[in-house]
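Single-letter residue listing:
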Amino acid sequence: MKRKSFIILMGAVFAALMALVLFVDGLPALFSSVMAFPFEQLGVALRALALIGNIGNGFALALAIALSSLPILSVLRHKGEKEYLWENIVLCCISIVVFITLFSMANPSKIMSVFPYFTSEALPVVKGVLGCTAWSFIVLWIILRLVRMFRHGDTNKLLCYLRVALHALCILFVAVIAISCGSTLLGSLSAAQKGMDNLMAVIRFIASSLPYVFDIGITLSLLTLMDAYIDKNEEDTVRLADLLSKRCCLALGITAATTAILNVLQLLLSRFLTNISVNVEIPVVSLVFILLVLILTRLIVENRKLQNDNDLFI
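Since this is a predicted model, take the numbers as computed values, not measurements.

Conventions used here
Residues numbered from 1 in each chain as written. Predicted model: local features only at pLDDT ≥ 70, side-chain atom pairs only at ≥ 80, totals over all residues. Heavy atoms only, no water. Helix = DSSP H or I, 4+ residues; strand = E, 2+ residues; numbered from the N terminus. Contact = heavy atoms within 4.5 Å. Areas by Shrake-Rupley, 256 points an atom, 1.4 Å probe, with all protein chains shown as cover. Patch = residues over 30% accessible without salt bridge, like charges linked within 9 Å, V, L, I, M, F, W, Y side chains within 5 Å. Salt bridge = Lys/Arg side-chain N within 4 Å of Asp/Glu carboxyl O. Buried < 20%, exposed > 50% of the residue type's maximum accessible area, 1.4 Å probe, protein only. Axes fitted to C-alpha atoms, helices over the stretch in contact; angles between N-to-C directions. Parallel < 35°, antiparallel > 145°, perpendicular 65-115°, else oblique. Nonpolar A, V, L, I, M, F, W, Y, C, P; charged D, E, K, R; others polar. Polar contact = N/O pair within 3.5 Å; in protein donor to acceptor, adjacent residues only side chain to side chain. Phe/Tyr/Trp six-rings, centres within 6.5 Å; stacked < 30°, edge-to-face > 60°.

Structural notes on the overall build of the chain
Argument step 1. Helix and strand counts for the chain stand at 11 helices and zero strands.
Argument step 2. Reading the chain from its N terminus to its C terminus gives the helix and strand order α-α-α-α-α-α-α-α-α-α-α.
Argument step 3. For the chain, the share of sequence-separated contacts (at least 6 apart) that also reach a separation of at least 24 residues comes to 70%.
Argument step 4. Roughly 18800 Å² of accessible area belongs to the chain as shown, and the carbon and sulfur atoms make up 70% of that amount.

What follows is the structure in structure tokens.
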């Protein structure tokens, strides 16, 4: 995928996820939580179909079974293949979990009968748990599939898989910005009592999103480096690896300084704020990712220098 098209795709994903976060905040009856999407909305549609009558109820049940049976198609396709064994087991679990989730979303009264000690206010939490469980099985299947692909692929395929994984990683960083940081932003804006509170909420959002923005930029630079490496363009490979190494160091420094600057800014503006949240927030995942890329780029540069020294020696 071309860089410009992929950036447009990331923007569209960010807008869609932010819209989902807004729906969760503004339409709690239909969007109780982000993790319940899209199972909750499908459940509402199935319930509306079932309320039409017996025929509608039958169609709703058939549709729920059909949707939950989609993973079984892949199981039947790779039936008997040992390398697909664990994937097939997880797909069968996904089918069962999705059916239970859709049935529960379409019949919220059934959820309350299973958990009688829960009040009606806890229903959104239960829906979120159901959706999160279904998504966890889906993520498990994706990971097992990636492990199989990386284990059985040759060098060219591995590089192609790595490109796809890096693109997916960028989408994941966008999702974290929209869902995690965006939810915090909306909560802060709704609780704000002064204009300065709104401004500080936006600043906190930028500060919390910044590490992931750096991660996206570094990942895109890593993709450019991979293109040069695949094309065996030695000069560009070394130049891009050295440039990426500098960007990683810069990102690490700015990420570490952002929290300190934010805390100082809040203290300076404390007289104008109704809520102050001074903390030491360390984006561990982002820092580890940048460090790994930094080590990788330094290895590429040092390996290229060693190869040049060997060529001169020969």
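Moving on from the coordinates now.
With respect to a nonpolar patch on the surface
Argument step 1. A contiguous nonpolar patch, built from Phe-23, Leu-27, Leu-30 and Val-44 and spanning about 300 Å² of accessible area, is present on the exposed surface.
Argument step 2. Secondary-structure assignment places Leu-30 in the loop between helix H1 (3-26) and helix H2 (39-50).
Argument step 3. Judged by relative accessible area, which is 32%, Leu-30 ranks as partly exposed.

Let's talk about the packing of helix H9 (residues 195-230) against helix H10 (residues 234-268)
Argument step 1. In the contact formed by H9 and H10, the axes pass within 10 Å of each other and the chain directions differ by 175 degrees. By the angle class used here, H9 and H10 are roughly antiparallel.
Argument step 2. Tallied by class, residues from the contact of H9 with H10 come to 19 nonpolar, six polar and three charged.

Observations concerning unusual backbone geometry
Argument step 1. Each neighbour pair has its own omega, and for Phe-37 with Pro-38 the value is -5 degrees, a cis peptide bond.
Argument step 2. Note that Pro-38 resides in the loop between H1 and H2.

With respect to the side chain of Ser-68
Argument step 1. Looking at where Ser-68 falls in the secondary structure, it is placed in helix H3 (residues 54-68).
Argument step 2. For Ser-68, a relative accessible area of 4% puts it in the buried group.
Argument step 3. A polar side-chain atom of Ser-68 sits 2.9 Å from the main-chain carbonyl oxygen of Ala-64.
Argument step 4. A polar contact is formed between the side chain of Ser-68 and the backbone oxygen of Ile-65, at a distance of 3.0 Å.

Quick look at the packing of aromatic side chains
Argument step 1. This structure, assessed with the given rule, holds three aromatic pairs.
Argument step 2. Where Phe-173 meets Tyr-212, the ring centres are 6.3 Å apart and the plane angle is 40 degrees; that geometry is what we call tilted. Here Phe-173 is found in helix H8 (residues 155-191), whereas its partner Tyr-212 is found in helix H9, with 39 residues between them in sequence. The exposure classification of Phe-173 matches that of Tyr-212, with both residues buried.

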